[in-house]
Amino acid sequence: GAGVSQSPSNKVTEKGKDVELRCDPISGHTALYWYRQSLGQGLEFLIYFQGNSAPDKSGLPSDRFSAERTGGSVSTLTIQRTQQEDSAVYLCASSPGLAGINEQFFGPGTRLTVL
Amino acid sequence: AQSVSQHNHHVILSEAASLELGCNYSYGGTVNLFWYVQYPGQHLQLLLKYFSGDPLVKGIKGFEAEFIKSKFSFNLRKPSVQWSDTAEYFCAVNVNTGGFKTIFGAGTRLFVKA
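A short tour of the structure in this document, coming up. (Residues numbered from 1 in each chain as written. Chains lettered and ligands numbered in written order. Predicted model: local features only at pLDDT ≥ 70, side-chain atom pairs only at ≥ 80, totals over all residues. Heavy atoms only, no water.)

### Remarks on the interface of chain A and chain B
Consideration 1: Taken residue by residue, the interface counts 21 residues in chain A and 17 residues in chain B.
Consideration 2: Summing both partners gives a buried area of about 1,600 Å² for chain A against chain B, and 54% of it is carried by carbon and sulfur.
Consideration 3: In this assembly, chain A and chain B are joined by 0 salt bridges.
Consideration 4: For the pair chain A and chain B, the number of links is 3 residue pairs in polar contact (both at pLDDT 80 or more).
Consideration 5: Going through the elements one at a time, strand 4 (31–38) and strand 5 (42–50) of chain A are the ones with two or more residues in the side of chain A that touches chain B.
Consideration 6: Among the elements that make up the side of chain A that touches chain B, the one with the highest residue count is strand 5 of chain A (4 residues). (Contact = heavy atoms within 4.5 Å. Buried area = accessible area lost by both parts, 1.4 Å probe. Salt bridge = Lys/Arg side-chain N within 4 Å of Asp/Glu carboxyl O. Polar contact = N/O pair within 3.5 Å; in protein donor to acceptor, adjacent residues only side chain to side chain. Helix = DSSP H or I, 4+ residues; strand = E, 2+ residues; numbered from the N terminus.)

### Points about the nonpolar core
Residues and elements named next belong to chain B.
Consideration 1: Counting 31 residues, the largest nonpolar core has Y25, L33, W35, L48, F74, L76 and Y89 as the members making the most contacts within it.
Consideration 2: Elements represented by at least two residues in this core include exactly strand 2 (10–14), strand 3 (19–21), strand 5 (31–38), strand 6 (44–50), strand 8 (64–68), strand 9 (73–78), strand 10 (87–96) and strand 12 (108–113).
Consideration 3: A per-element tally of this core places strand 10 first, with 5 residues. (Core = buried A, V, L, I, M, F, W, Y, C linked by side-chain atoms within 4.5 Å. Buried < 20%, exposed > 50% of the residue type's maximum accessible area, 1.4 Å probe, protein only.)

### Description of the pattern of salt bridges
All names here are of chain A.
Consideration 1: A complete count under the given rule lists 8 salt bridges over all chains for this structure.
Consideration 2: Note that D86 and R64 form a salt bridge whose closest N and O atoms lie 2.8 Å from each other. Taken together, the residues span a long stretch of sequence, with D86 in the loop between strand 7 (75–79) and strand 8 (88–95) and R64 in the loop between strand 5 and strand 6 (65–69) at a distance of 22 residues.
Consideration 3: Given the relative accessible area of 1%, D86 is considered buried.

### Looking at the packing of aromatic side chains
Consideration 1: Inspection of the entire model under this criterion finds 14 aromatic pairs over all chains.
Consideration 2: Consider the rings of Y35 of chain A and F45 of chain A, whose centres lie 6.3 Å apart with planes at 70°: the pair is edge-to-face. Of this pair, Y35 of chain A sits in strand 4 while F45 of chain A sits in strand 5, and the two are 10 residues apart along the sequence.
Consideration 3: Look at Y35 of chain A and you get buried, because its relative accessible area is 0%.
Consideration 4: You can call F45 of chain A buried: its relative accessible area is 8%.
Consideration 5: Between F63 of chain B and Y89 of chain B, the aromatic rings sit 5.6 Å apart at their centres with planes inclined by 45°, giving tilted as the arrangement. Of the two residues, F63 of chain B sits in the loop between strand 7 (56–58) and strand 8 while Y89 of chain B sits in strand 10, which places them 26 residues apart along the sequence.
Consideration 6: These aromatic residues form a ring-pair network of at least three members: Y33, Y35, F45, Y48 and F106 of chain A together with F34, Y36, F51 and F104 of chain B. (Phe/Tyr/Trp six-rings, centres within 6.5 Å; stacked < 30°, edge-to-face > 60°.)

So, to be careful, I would describe these as geometric facts and stop short of saying anything about function.
Here it is as structure tokens:
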């Protein structure tokens, strides 16, 4: 079956521009996570959605970052006024059932480069 | 704040050597523990997980990990590595903070020489 998909796969933007990154989770998965992977930094938790509950936004690094999940499915991560330090691979993962006790299925990531 | 430490950032082994990758976490509450692996050019995928019960868990491809609660550790082991085990390995901890938040370690890059 289809896995988690993310688009675009690569994004190059200029400093100060806004970007939107999209994640299509596995159908039926109720939990969705966003992470940022910087070189040598591992995966940094950004935000997660669990069903209709309020999202856990505790990992968002600044108010320039926001995310939404429409209809419990597709999610968009928006970065406003991008900075060079935002350059990283942004990973999305989805999980069936309750978040925390189930395996996360990862997408291929979006590589963001801010010039 | 909760954190996950992976002690080795780069490991180089010859085939048939034994592997142990360290993982320690800092959180005093209930945790669920995972090891994920990212093979070159592939997505992150689950290697094994621990929720409860037997602290020694077996995963895919001959990997195992042992949860030692008193040491806050969840080390990954494999008795005999293969060239195909070359990958990056991530330890992850889900902590119950009213919801579930996943914290990943920085990863260990393993290179196995044929």
